[in-house]
Amino acid sequence: MRPGIHSRENQTLSDHDFDVIVVGGGHAGCEAAFACARMGFETALVTLSEKTIGALSCNPAIGGVGKGQLTREVDALGGVQAYVTDLAGLHYRMLNTSKGEAVRSLRAQVDKDLYSQEMRRLMAKQERLQVVEGSVEDIHLDGNRIGGVRLEDDSVIRSRKVIMTNGTFLRAVMHIGEEVTSGGRVGEGAVAGLTGALGTLGLETGRLKTGTPPRLDRKSIDWSLLTPQVPDQEPDGFCHWTPPPRREWMDCHVTRTDESVHEVIREHLHRSPMYSGQIEGVGPRYCPSIEDKIVRFPERQGHTLHLEREGLNTDSIYVNGISTSLPADAQEQLVARIPGLGSARFLRHGYAVEYDFFPPHQIRRTFECRALDGLYLAGQICGTSGYEEAAAQGFLAGVNAALSLKGEAPLILGREEAYMGVLADDLVRCDPREPYRMFTSRAEFRLQLRHDNADFRLARRGADLGLISQEQAEAVEAESLTVEETVQRLHKTSVETKSLHEILRAPGATWEDVESVRPETSDWSLSDSLKDRVRIAVRYEHYIERQQDEVERMRRQEQWLIPDDFDYEAISGLRSEAREKLQRLRPDSIGSAQRIAGVSPADISCLLVVLRTGPKQGAID
């Protein structure tokens, strides 16, 4: 089928319409749809409105600590988020530059409208991908198999796979003080029936909450009272394959709350739906509302706020740091006391969104549901937060749906291979009570899962999937080989009693230090980028070598598979807590089982004794 946009009024569909249906046009849905279509399958993306495809519902930025690594990894495998980010980028900053490369992450402020426009443009020209406007209200079954989806008008679109990426729209309600309205985003409705429909398949549901800050009119802000935050002037961008367009980068600005602001919040706290009992869902711990900050950190004298422009052609300013669901009048009072915002005009008040999700222990690491083969869940519907986490999940769900249709082995990334592997493993063995967010601290092998080497780690995988070209993968492999050979050359080249490797490994050393003692190294034909990659490789070489025993042990543990229908109740030696956790989370390997909180080494030993009596699936120390 040719690409295009189709409304339900003018659409006629055959008995077998698509190979894959993706429900939802957010970051997870876009990645899933592109992956399936580019891997050769007729794909439909069903969304409430074509105009909101790729919308950045909250902050106008992609990346950040831990999150930036996810975006880079999706790009290295052949996804689209990084490419679109660079097309819409306004302000780039590499975070944590005072720390080691293992925890550095890129963050880009983007033009929200341009981001969505570019995503829609890519989608409109993608072969085998169609956009269908409509609201999915039920899953259509073909016997006991997935058969497609049923829309609100009772029409059916048939497919062999369905990927649900509904974001925050399932039975969603928005809160501004005592005011409650239906919808998952301002100006958009909620999806009412799908939660119950999935529940009839045996899926359990939960309730979570997220929020967003006010948007202010740029012309009403006293910028002279704010501190400019200057972007990196020569950013590399997120995409490995194309450089970002060169433009005049935009400053952000910083201000802070103070005790007078906090007084207003405390005065109106009883009117906040979070504290009045109006909201039942739990919000993100690591991105709290301003009300939460004041309650949880009463000793803090102020909280930093970042003012970010939402686009080149809008006066809307996103006030990063004061997500709130306080009543409109209280929001206006507290904003008026913030330095620089005394006369600020509101374009939109902050609000909270409460929505249904499906705890992710109900999916496999492929993101396919255990309850129904062919049904996949990805994004905030799995209890996560963030555009980057959603994109990573959508990409993996789309790829694995396509691989399943081809009859090929799934793409399972290990924790030692990618942050995407950490994300997938964390989700299937957790029972979230709050939205999951990625951090570098979640990755035990973060020394080798750096922002700078995502292409070295994953480009070959992307080429094997057919999502990047063989030429791209070969170019990456050539660069990787050059770095390895240069590191060995540094080991073998000495100045007096010191090797160049030792010189470059010293704290703060740069390639210029190497050239100063051995000028001929300037003729080694290395680009500035490769010189920096060599420096990083030298710095972490010893630490990574020390980790290899642990990495190999983890790989062996992951090879010892646990059947999906394994009967934990039959193992008499398991403690009650371990039996309950294992029965509920159903890990797919010994490695995953032993990472579950509440499962002890003794429990793992009991499990191994039973597994060894059956067919051996792998080896373990």
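Note: the structure precedes this text.
So, here's what we can say about the structure. The residue numbers shown here count from 1 along each chain, following its written sequence. Given that the model is predicted, a residue must reach a pLDDT of at least 70 before its local features are reported, and side-chain atom pairs must reach 80 or more before they are shown or counted; all residues, however, enter totals for whole chains, interfaces and linings. Derived side-chain values reflect all non-hydrogen atoms in the structure, with water molecules and hydrogen atoms excluded from consideration.

### Details of the nonpolar core
Within the largest apolar cluster, 102 residues are counted, with the highest numbers of intra-cluster contacts made by Leu375 and Met420. A total of 11 residues in this core trace back to one element, the largest contributor, which is helix 10 (residues 387-406). Among the nonpolar cores identified, the runner-up in size contains 22 residues, and Leu226, Val264, Leu305 and Ile317 belong to it. Remark: nonpolar core denotes a set of buried residues (Ala, Val, Leu, Ile, Met, Phe, Trp, Tyr, Cys) joined through side-chain atoms within 4.5 Å. Residue burial is assigned from relative accessible area. The probe radius is 1.4 Å, only protein chains are included, and a residue is buried under 20% of its type maximum, exposed over 50%, and partly exposed in between. Counting from the N terminus, the helices are the DSSP runs of H or I reaching at least four residues and the strands are the DSSP runs of E reaching at least two.

### Brief notes about the packing of helix 2 (residues 67-77) against helix 12 (residues 454-465)
Helix axes are fitted to C-alpha atoms over the stretch in contact, other axes to C-alpha atoms as well, and angles between N-to-C directions run from 0 to 180 degrees. Orientation of helix 2 relative to helix 12, taken along the N-to-C sense of each, is 35°, at an axis distance of 7 Å. With respect to the hand of their crossing, helix 2 and helix 12 are arranged in right-handed fashion. Contacts between helix 2 and helix 12 pair Arg72, Glu73, Ala76 and Leu77 from the former with Ala454, Asp455, Arg457, Leu458, Ala459, Arg461 and Gly462 from the latter. By convention the crossing between two helices is left-handed if the near helix lies anticlockwise of the far one by an angle smaller than a right angle, and right-handed if it lies clockwise. Contacts are residue-level and defined by heavy atoms, with any inter-residue pair within 4.5 Å sufficient.

### Looking at unusual backbone geometry
Here Phe367, not a glycine, exhibits a phi torsion of approximately 75°, which is positive. A positive phi is found at Glu496, a non-glycine position, where the angle reads about 55°. Considering the arrangement of structural elements, one finds Glu496 in the loop between strand 23 (494-495) and strand 24 (498-499).

### A closer look at the sheet that holds strand 18 (residues 304-309)
Paired strands are those between which DSSP finds at least two bridges. Strand order across the open sheet formed by six strands is 16-17-18-19-15-20, with antiparallel pairing between neighbours. The open sheet has two free edges, formed respectively by strand 16 (227-229) and strand 20 (346-348), since each of these has just one partner strand. Going across the sheet, the axis of each strand differs from the next one's by a mean of 35°, ignoring polarity. The pairing of strand 16 with strand 17 (residues 252-256) spans three bridges and is classified as antiparallel. Opposite Pro228, over in strand 17, you have His253 as the bridge partner.

### What to know about the environment of Arg415
Inspection of the secondary structure assignment puts Arg415 in the loop between helix 10 and helix 11 (419-428). Owing to a relative accessible area of 4%, Arg415 belongs among the buried residues under this scheme. Separated by 342 residues in sequence, Arg415 and Glu73 place their C-alpha atoms 13 Å apart. Residues in contact with Arg415, not counting those within four places in the same chain, are Gly421, Val422, Asp425, Asp426, Arg429, Arg442, Glu444, Phe445, Leu449, Met554 and Arg595.

### Focus on the pattern of salt bridges
Take a side-chain nitrogen of Lys or Arg and a carboxyl oxygen of Asp or Glu: if they are within 4 Å of each other, that pair is a salt bridge. Tallied over the full model, the rule gives 54 salt bridges. Lys581 serves as the salt-bridge partner of Glu577, at 3.7 Å between the closest nitrogen and oxygen. Pair noted here: Glu577 and Lys581 are both in helix 17 (residues 576-585), with a separation of four residues, about one helical turn. Judged by its relative accessible area of 39%, Glu577 falls in the partly exposed class. Since its relative accessible area comes to 27%, Lys581 is described here as partly exposed. In this structure, a network of salt bridges that share partners links the residues Arg365, Arg415, Asp425, Asp426, Arg429, Glu444, Glu558, Asp588 and Arg595.

### Remarks on the packing of aromatic side chains
Working definition: a ring pair exists when centres of Phe, Tyr or Trp rings (six-membered ring for Trp) sit within 6.5 Å. Plane angles under 30 degrees give stacked, over 60 give edge-to-face, the rest tilted. Under the definition given, this model contains three aromatic pairs. Measuring from centroid to centroid gives 5.3 Å for Tyr92 and Trp249, while their planes differ by 85°, and the two rings are edge-to-face. Of this pair, Tyr92 sits in strand 5 (residues 89-95) while Trp249 sits in the loop between strand 16 and strand 17, and the two are 157 residues apart along the sequence. For Tyr92, a relative accessible area of 0% gives the class buried. Residue Trp249 is classed as buried on the basis of its relative accessible area, which comes to 11%. Sitting over a ring, as applied to charges here, requires NZ of Lys or CZ of Arg to be within 6 Å of the ring centre and within 35 degrees of the ring normal. Cation over ring: Arg442 sits above Tyr436, and NZ or CZ is 4.2 Å from the ring centre. In this structure, Arg533 is placed above the aromatic ring of Phe456, and the distance from its NZ or CZ to the ring centre is 4.0 Å.

### Some remarks on helix 4 (residues 112-125)
Expected span of a helix: the number of residues minus one, times 1.5 Å. Counted at 1.5 Å a residue, the expected span for helix 4 with its 14 residues is 20 Å, and the 21 Å between its end C-alpha atoms agrees. Of the residues making up helix 4, those classed as buried are Lys112, Tyr115, Ser116, Glu118, Met119, Leu122 and Met123. Projected down its long axis, helix 4 carries its buried residues within an arc of 160°, all on one side. Looking at helix 4, the residues exposed on the side facing more than 90 degrees away from the buried face are Asp113 and Lys125. In this structure Asp111 caps helix 4, since a side-chain oxygen of it lies 3.1 Å from the backbone nitrogen of Asp113. The arc in question is traced by the directions running from the helix axis to the C-beta atoms. By the criterion applied in these results, polar contacts are pairs of N or O atoms within 3.5 Å in which, for protein atoms, one can donate a hydrogen and the other can accept it, and in which residues neighboring in sequence qualify only through two side-chain atoms.

### Regarding the sheet that holds strand 9 (residues 145-151)
Ordered in space as 8-9-10, the three strands form an open sheet in which the pairing is antiparallel. Edge positions in the sheet fall to strand 8 (136-142) and strand 10 (156-158), since each has one partner strand and no second. Between one strand axis and the next, the sheet turns by 30° as a mean value, whatever way the strands run. Across six bridges, the pairing between strand 8 and strand 9 is antiparallel. Note on strand 9: the bridge partner recorded for Val136 is Leu151.

Coordinates in, geometry out; function isn't part of it.
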